[in-house]
Amino acid sequence: MLKIGVLASGRGSNFQAIIDAIKGGRINAGIALLVTDKPDAYAIERARANGIPYLYLDPRGFTSRDAYFEKVAGELSSRGAGLVVLAGFMRIVRRPLLEAFPWKVMNIHPALLPSFPGLHGQRQAAQYGVKISGCTVHFVDEGMDTGPIIIQAAVPARHDDTEESLSQRILEYEHRIYPEAVRLFAEGRLEVRDKKVFIRGFKKKADMGGEALISPPLEDV
Ligand code: GRF
């Protein structure tokens, strides 16, 4: 069974969505370890409440950012992780982790990439006045939010949206597409070719699902 390592810096609601999907039997995997760079991350409470081991690693205790991620990679490897999930982890992942887990590090970003990468994707979308916003699950490469895209959900933006209201609406879809991407990975169905993600055995469904457009559409399990 796949073991997942989670990296989180804060609230951890995406971490929770993945925990819930595992508990509900939708993902056949276990969470081996939560690594956090913040001692007060609420994600730690979620790990405790669910019996998931966690480790606080203070980046200031390392001589370089590479050394930090070498340590993170070592901790995850020694616990047998086969997938690393970034769930609100506020640091750019460095090469030692990416090399230890090639195309096995995922991230969720609260915008329709490649629009609005980096911090404050929702604020920028609200300020810009886009009509369609959304979220993206992607594999992580060395860039900032530039890796191959796995799933996106398009979420309508409204003229009276604030950063908060849009963030909230997008977050609901984050919680749907992140577990789905993890599930597809756990089932061995994701393949990266020429920077594109192909999904094996995906059955096209007519129903694109509710208010937002999710591509690929979520599958019944
Ligand atoms: C989410 O909006 C995610 O897209 C972004 O950081 C936020 C983390 O939220 N990468 P949470 O910690 O999962 O609640």
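Here goes a summary of the coordinates provided. Please read all numbers here as calculations on a predicted model, not as lab measurements.

1. With respect to the overall build of the protein chain
What the protein chain contains, in helices and strands, is six helices and ten strands. Relative to the compact-globule value of 17 Å for 221 residues, the protein chain shows a C-alpha radius of gyration of 17 Å, a close match. Taking the principal axes of its C-alpha atoms as reference, the protein chain extends roughly 45 × 40 × 40 Å. Evaluated residue by residue, the protein chain yields a buried proportion of 51% over its 221 residues. Put simply, 65% of the contacts in the protein chain that link residues at least 6 apart link residues at least 24 apart. Split by element, the accessible area of the protein chain, about 10900 Å² in all, is 51% carbon and sulfur. Once the 29 positive and 26 negative side-chain charges of the protein chain are each reduced to a mean point, those two points are 3 Å apart.

2. Overview of the site of the ligand
The full set of residues close to the ligand is Arg11, Gly12, Ser13, Asn14, Gly88, Ile108, His109, Pro110, Gln122 and Glu174. Measuring from an oxygen atom of the ligand, one finds a side-chain N or O atom of arginine 11 at 2.5 Å. Taking 360 Å² as the accessible area of the ligand by itself, protein coverage stands at 86%. Put simply, the parts of the chain that give the shell around the ligand at least two residues each are helix 1 (13-23) and strand 5 (105-109). Class assignment for the residues of the shell around the ligand results in two nonpolar, six polar and two charged.

3. Quick notes on helix 2 (residues 42-49)
Among the residues making up helix 2, those that are buried are Ala43, Ile44, Arg46 and Ala47. In an axial view of helix 2, the angular spread of the buried residues amounts to 160 degrees, which keeps them on one side of the axis. Looking at the buried residues of helix 2, the elements they touch are strand 1 (2-8), helix 1, strand 2 (29-36) and strand 3 (54-56). Looking one or two places after helix 2, you find glycine 51, whose phi comes out positive at around 65 degrees.

4. Here's the deal with the nonpolar core
Counting residues in each nonpolar core, the largest one holds 48 residues, and the members touching the most others are Ile4, Phe15, Ile31, Met106, Ile150, Val182 and Leu190. Top contributing element to this core by residue count: helix 6 (residues 163-186), with nine residues. Residues lining this core come from more than one domain, with at least three contributed by each of domain 1 (1-102) and domain 2 (109-221). Apart from residues lying up to four places away in sequence, valine 182 is in contact with Ile4, Ile18, Ile27, Leu83, Val85 and Met106. Core analysis: the second largest hydrophobic core is formed by 19 residues, Leu33, Val93, Leu97 and Phe101 among them.

5. Some details on the pairing of strand 8 (residues 190-193)
Pairing of strand 8 with strand 9 (residues 196-199) involves four bridges; the strand directions are antiparallel. Among the inter-strand pairings, valine 192 is bridged to a residue of strand 9, identified as valine 197. Hairpin connection, strand 8 to strand 9: the antiparallel pair is bridged by two residues, and aspartate 194 has positive phi, about 50 degrees.

6. As for the packing of aromatic side chains
As enumerated under the stated definition, the model contains six aromatic pairs in all. Relative to phenylalanine 89, the ring of phenylalanine 69 has its centre 6.2 Å away and its plane inclined at 85 degrees; by these criteria the two rings are edge-to-face. With phenylalanine 69 in helix 3 (residues 65-78) and phenylalanine 89 in the loop between strand 4 (83-86) and helix 4 (95-100), this pair connects stretches of sequence that are 20 residues apart. Arranged with centres 6.4 Å apart and planes meeting at 65 degrees, the rings of phenylalanine 139 and phenylalanine 185 form a pair that is edge-to-face. Placement of the pair is phenylalanine 139 in strand 6 (residues 132-139) and phenylalanine 185 in helix 6, with a sequence separation of 46 residues. Connected via pairs of aromatic rings, a cluster forms that spans Phe62, Tyr68, Phe69 and Phe89. A cation over an aromatic ring shows up here: arginine 193 above the ring of phenylalanine 198, its NZ or CZ 4.0 Å from the ring centre.

7. Quick notes on the sheet that holds strand 5
Taken in spatial order, the eight strands of this open sheet run 3-2-1-4-5-6-7-10, and their pairing is mixed. The sheet terminates laterally at strand 3 and strand 10 (213-215), the two strands that pair on one side only. Recorded for the sheet is a direction-independent mean angle of 15 degrees between the axes of neighbouring strands. As paired elements, strand 6 and strand 7 (residues 149-156) share seven bridges and run antiparallel to each other. Bridge pairing in strand 7 links serine 133 to valine 155. Contacting strand 1, strand 2, strand 4 and strand 5, helix 1 crosses the sheet at an angle of about 160 degrees to strand 2.

What counts, and where the lines are drawn
- Residues numbered from 1 in each chain as written.
- Predicted model: local features only at pLDDT ≥ 70, side-chain atom pairs only at ≥ 80, totals over all residues.
- Heavy atoms only, no water.
- Helix = DSSP H or I, 4+ residues; strand = E, 2+ residues; numbered from the N terminus.
- Rg over C-alpha atoms; globule rule 2.2 N^0.38 Å.
- Buried < 20%, exposed > 50% of the residue type's maximum accessible area, 1.4 Å probe, protein only.
- Contact = heavy atoms within 4.5 Å.
- Areas by Shrake-Rupley, 256 points an atom, 1.4 Å probe, with all protein chains shown as cover.
- Lys, Arg positive; Asp, Glu negative; His and termini not counted.
- Charge placed at Lys NZ, Arg CZ, Asp CG, Glu CD.
- Near = heavy atom within 4 Å.
- Polar contact = N/O pair within 3.5 Å; in protein donor to acceptor, adjacent residues only side chain to side chain.
- Nonpolar A, V, L, I, M, F, W, Y, C, P; charged D, E, K, R; others polar.
- Arc of directions from axis to C-beta.
- Core = buried A, V, L, I, M, F, W, Y, C linked by side-chain atoms within 4.5 Å.
- Domains from an automatic or database assignment.
- Pairing = 2+ DSSP bridges.
- Phe/Tyr/Trp six-rings, centres within 6.5 Å; stacked < 30°, edge-to-face > 60°.
- Lys NZ or Arg CZ within 6 Å of the ring centre and 35° of its normal.
- Axes fitted to C-alpha atoms, helices over the stretch in contact; angles between N-to-C directions.

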